[in-house]
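For reference, the chains in residue letters:
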Amino acid sequence: MFASWLDRISSWADHDGLVHDLIAPMVARKAVRIKEVFRWAKSPSRWRRRAACVALIRGARERRFFPEIVRLSGMLLKDQDDMVQKGLGWLLRETAKYDPKRTVPYLMKIRARAPRLVLRTACETLSAAVRKQVLS
């Protein structure tokens, strides 16, 4: 039911309230729901593609779903929509904050092809030295 509300979204604030506060906990609780996230990542709707990222944040904070986050990132890395890029950056930032040992090498791997907005957002919680290394 909540996923059907994504089509009614018209602002990032409404979107993030719905996805971060309602959908993400449901995905974290039942990992089988991740299948839906990958469907959203292929949607023409910017809000569904952003939802794919935001829906995994709760799991990232629990140090879960790293392979799925990498897969999703690969799907959305070339997305030109700034709302999607900000959502992906947010997901990667939270992943880096809670699981830097796996995330920093991944950021180093994608840095040449990732949009600057995604990388800058992803690096916000990293130490200055690591952030400089990823962004240089």
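Not measured: the values here are computed from a predicted model.

Observations concerning the nonpolar core
Consideration 1: With 45 residues, the main nonpolar core has Trp40, Leu56, Leu72, Leu76, Leu91, Leu92 and Leu107 as its most contacted residues.
Consideration 2: Ignoring any residue separated from it by four or fewer positions in sequence, one finds Leu91 in contact with Cys53, Leu56, Ile57, Ala60, Ile69 and Leu72.

A word on the pattern of salt bridges
Consideration 1: A complete count under the given rule lists 13 salt bridges for this structure.
Consideration 2: Across the pair Arg49 and Asp79 runs a salt bridge, and its minimum N-O distance is 2.5 Å. In this pair, Arg49 is assigned in helix 3 (residues 46-54) and Asp79 in the loop between helix 5 (66-76) and helix 6 (82-98), connecting sequence segments 30 residues apart.
Consideration 3: The class for Arg49 is buried, based on a relative accessible area of 12%.
Consideration 4: Asp79 sits in the buried class, given a relative accessible area of 11%.

Some details on the environment of Cys53
Consideration 1: As for its position among the elements, Cys53 is in helix 3.
Consideration 2: Through-space distance from the C-alpha of Cys53 to that of Lys78 is 14 Å; in sequence the pair is 25 residues apart.
Consideration 3: Not counting chain neighbours up to four residues away, the residues in contact with Cys53 comprise Leu72, Leu76, Val84, Gly87, Leu88 and Leu91.

Notes on the confidence of the model for the protein
Consideration 1: Across the protein, the average pLDDT comes to 93, with 99% of residues at or above 70.
Consideration 2: When pLDDT is averaged over each element of the protein, helix 5 comes out on top at 98 and helix 1 (residues 12-29) at the bottom at 85.

Focus: the packing of helix 2 (residues 34-41) against helix 5
Consideration 1: The geometry of helix 2 relative to helix 5 is characterised by a closest axis approach of 10 Å and an angle of 10° between their N-to-C directions. The orientation of helix 2 relative to helix 5 falls into the category roughly parallel. Between helix 2, through Ile34, Val37, Phe38 and Ala41, and helix 5, the contact on the second element is made entirely by Glu68, Arg71, Leu72, Met75 and Leu76.

Topic: the packing of helix 5 against helix 7 (residues 100-110)
Consideration 1: Look at helix 5 against helix 7: their axes get within 12 Å of each other, and the N-to-C directions meet at 15°. Here helix 5 is positioned roughly parallel relative to helix 7, judged by the angle of their axes. At the point where helix 5 passes helix 7, the crossing takes the right-handed sense. Within the contact between the two elements, helix 5 uses Phe66, Val70, Ser73 and Gly74 and helix 7 uses Arg102, Thr103, Tyr106 and Ile110.
Consideration 2: Class assignment of the residues belonging to the contact of helix 5 with helix 7 gives a composition of 4 nonpolar, 3 polar and 1 charged.

Some details on the side chain of Asp79
Consideration 1: In this structure the side chain of Asp79 is engaged in a polar contact, spanning 2.5 Å, whose partner is the side chain of Arg49.
Consideration 2: Residues contacting Asp79, with those up to four places away along its chain left out, are Arg49, Val84 and Gln85.

The rules behind these values
- Residues numbered from 1 in each chain as written.
- Predicted model: local features only at pLDDT ≥ 70, side-chain atom pairs only at ≥ 80, totals over all residues.
- Heavy atoms only, no water.
- Core = buried A, V, L, I, M, F, W, Y, C linked by side-chain atoms within 4.5 Å.
- Buried < 20%, exposed > 50% of the residue type's maximum accessible area, 1.4 Å probe, protein only.
- Contact = heavy atoms within 4.5 Å.
- Salt bridge = Lys/Arg side-chain N within 4 Å of Asp/Glu carboxyl O.
- Helix = DSSP H or I, 4+ residues; strand = E, 2+ residues; numbered from the N terminus.
- pLDDT = per-residue confidence, 0-100.
- Axes fitted to C-alpha atoms, helices over the stretch in contact; angles between N-to-C directions.
- Parallel < 35°, antiparallel > 145°, perpendicular 65-115°, else oblique.
- Left-handed = near helix turned anticlockwise from the far one by under 90°.
- Nonpolar A, V, L, I, M, F, W, Y, C, P; charged D, E, K, R; others polar.
- Polar contact = N/O pair within 3.5 Å; in protein donor to acceptor, adjacent residues only side chain to side chain.

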